[in-house]
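Listed below are the residues making up each chain.
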Amino acid sequence: MRDVLEPLMSWWAEGKASALATVVATRHSAPRRPGASMLVGPGAEAIGSVSGGCVEGAVYDLGQEVLAGTRPLRRRYGVSDADALTVGLTCGGTLDVFVERVDSTTFPQLGEVVETVRAGRPVAVATVIAGPAERLGRRLIVWPDRVAGGTGSGRLDGLLCRDARGLLDAGRTGVLRYGADGRCRGEESEDSEENEENEESEESEESEAGLEVFVESFAPPPRMIVFGAVDFADAVARTGSFLGYRVTVCDARPVFATAARLPGADEIVVEWPHRYLQAEADAGRIDGRTVICVLTHDHKFDVPLLRVALRLPDVGYIGAMGSRRTHEDRWQRLTEAGLTEAELKRLSSPIGLDLGARTPEETAVSIAAEIIALRSGGSGFRLADRPGPIHLGSGL
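Reading guide: rules and limits
- Going along each chain's sequence as written, the residues are numbered from 1 onward.
- In view of the model being predicted, local features appear only for residues whose pLDDT reaches at least 70, and side-chain atom pairs are presented and counted only at 80 or more, with totals across whole chains, interfaces and linings using the full set of residues.
- Water and hydrogen atoms play no part in the side-chain values, which are based on all heavy atoms of the structure.
- Helix axes use the C-alpha atoms of the stretch in contact, all axes being lines fitted to C-alpha atoms, and the angles between their N-to-C directions lie in the range 0 to 180 degrees.
- Counting from the N terminus, the helices are the DSSP runs of H or I reaching at least four residues and the strands are the DSSP runs of E reaching at least two.
- Each angle receives one of four descriptions, namely roughly parallel if under 35 degrees, roughly antiparallel if over 145, roughly perpendicular if within 65 to 115, and oblique otherwise.
- For any pair of crossing helices, the crossing counts as left-handed if the nearer helix is rotated counterclockwise from the farther one by less than a right angle, and right-handed if it is rotated clockwise.
- Every residue pair with non-hydrogen atoms within 4.5 Å of one another is taken to be in contact.
- When residue character is reported, Ala, Val, Leu, Ile, Met, Phe, Trp, Tyr, Cys and Pro are called nonpolar, Asp, Glu, Lys and Arg charged, and the others, Gly included, polar.
- Residue burial is assigned from relative accessible area. The probe radius is 1.4 Å, only protein chains are included, and a residue is buried under 20% of its type maximum, exposed over 50%, and partly exposed in between.
- DSSP-based pairing: two strands are paired if at least 2 bridges between them are found.

*Asks:* Residues and numbers for the packing of helix H9 (residues 299-309) against helix H10 (residues 324-336), please.
*Replies:* Relative to each other, H9 and H10 sit at 50 degrees, their axes nearing to 10 Å. In terms of orientation, H9 lies oblique with respect to H10. Of the two elements, H9 crosses H10, and the hand of that crossing is right-handed. The segment H9 lies against H10, with His 299, Asp 302, Val 303, Leu 306 and Arg 307 engaging Asp 329, Arg 330, Arg 333 and Leu 334. Its residues assigned to classes, the contact of H9 with H10 shows three nonpolar, one polar and five charged.

Pasting the structure below:
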């Protein structure tokens, strides 16, 4: 929904209805991830995308049906369908799309949700996408400290609130399954690659005996903290921002840590790096999605900073720039400072993948590529030289 939030809100505020189509599950090589959305507007407009162009026409027709008064609809598209080529999903994957009518009656909390997202605060929208017909499209809105709406079952709302907050804390989107008695039957995350035949049989059982709830997490963007306002820092900051990170650049030298030199950063901090990182950790602003890029390659900054960073319990990535000689000297100094082998193994040094990068922009791509590979479990090899499936676990 984030993709189309502004036009959706505009029509909602004007008292007009629109049809919201959302990808709620994907398998194999589907082109968009869960949460990708498309709107069919009150004037027959089409905004957004659920498949990068493959099935938009079919989904548009569903949107027209929903606006005409049909209950919310859920459809699966993929190469296993008889009409796969007709709708155009030729990439080899499958995707499930849920289409619902959105107006001030069906989604009275939309204004609060949009206000929260605009303010950069966390909120999760949990929508019933399978189950008894009278519950389809019902939703529970979950903030860290309150809830609104409901699924029609107080017991289920309590469990769903707990589970949705768990997904929200992790910044994850996915489908939760519950039995008719309200017990949780499991979770299908946005990276799920379960067997389709088993899923189809489970889905039919769930439709009869329970519910499936799609939880879309609107979590604040993950953080990238770049230490060292060197000539590579702005390129790394701009690339991090492109990948969706909120980027902070920190340097103890005020003459270098300026907005004029670092226009790609969201925030610039003048402070000794290790002091800033420790303060952010103590304040609870470092988590498993945070990435740390140490570009200073100066031991008076690097060693105290990495001594803090490598001992933090939950950081997504820690990389440090420097030559092989710098790396060996840094490693020795960190060992003398008391870091264990296990702690040192968390460090990516020298930072980045071997792309032959020379310029700041090329180096930033190298660093970004390593972050993506480690986050997703990729090898970093050329796909053309690597046999087997492109997407891990997909078989395709």
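Now, onward.
*Asks:* I'd like to hear about H9, residue by residue, with values.
*Replies:* Of all 11 residues that make up H9, eight are buried, and the element is covered over most of its length. The secondary structure elements touched by the buried residues of H9 are strand E12 (223-227), helix H8 (273-282), strand E15 (291-294), strand E16 (317-320), H10 and strand E17 (347-348).

*Asks:* Now, about the packing of helix H1 (residues 5-13) against helix H4 (residues 110-118): what can you tell me, with residues and values included?
*Replies:* Packing of H1 against H4 brings their axes to within 10 Å, and their N-to-C directions diverge by 145 degrees. In the crossing of H1 with H4, the sense of the turn from one axis to the other is left-handed. Of the residues in H4, those touching H1 at Leu 5, Glu 6, Leu 8, Met 9 and Trp 12 are Leu 110, Gly 111, Val 114, Val 117 and Arg 118. Broken down by class, the residue content of the contact of H1 with H4 amounts to seven nonpolar, one polar and two charged.

*Asks:* Before we move on, could you go through the sheet that holds E17 and cite the residues and values that matter?
*Replies:* Across the sheet, which stays open at both edges, the six strands sit in the order E14-E13-E12-E15-E16-E17 with parallel pairing between neighbours. In this open sheet, the two edge strands, each paired with only one partner strand, are strand E14 (267-270) and E17. In this sheet, strand E13 (residues 246-251) lies alongside E12 in parallel orientation, the contact comprising five bridges. Bridging from a neighbouring strand, Met 224 pairs with Val 247 of E13. The sheet contacts of H9 involve E12, E15, E16 and E17, and relative to E15 the element is tilted by about 165 degrees.

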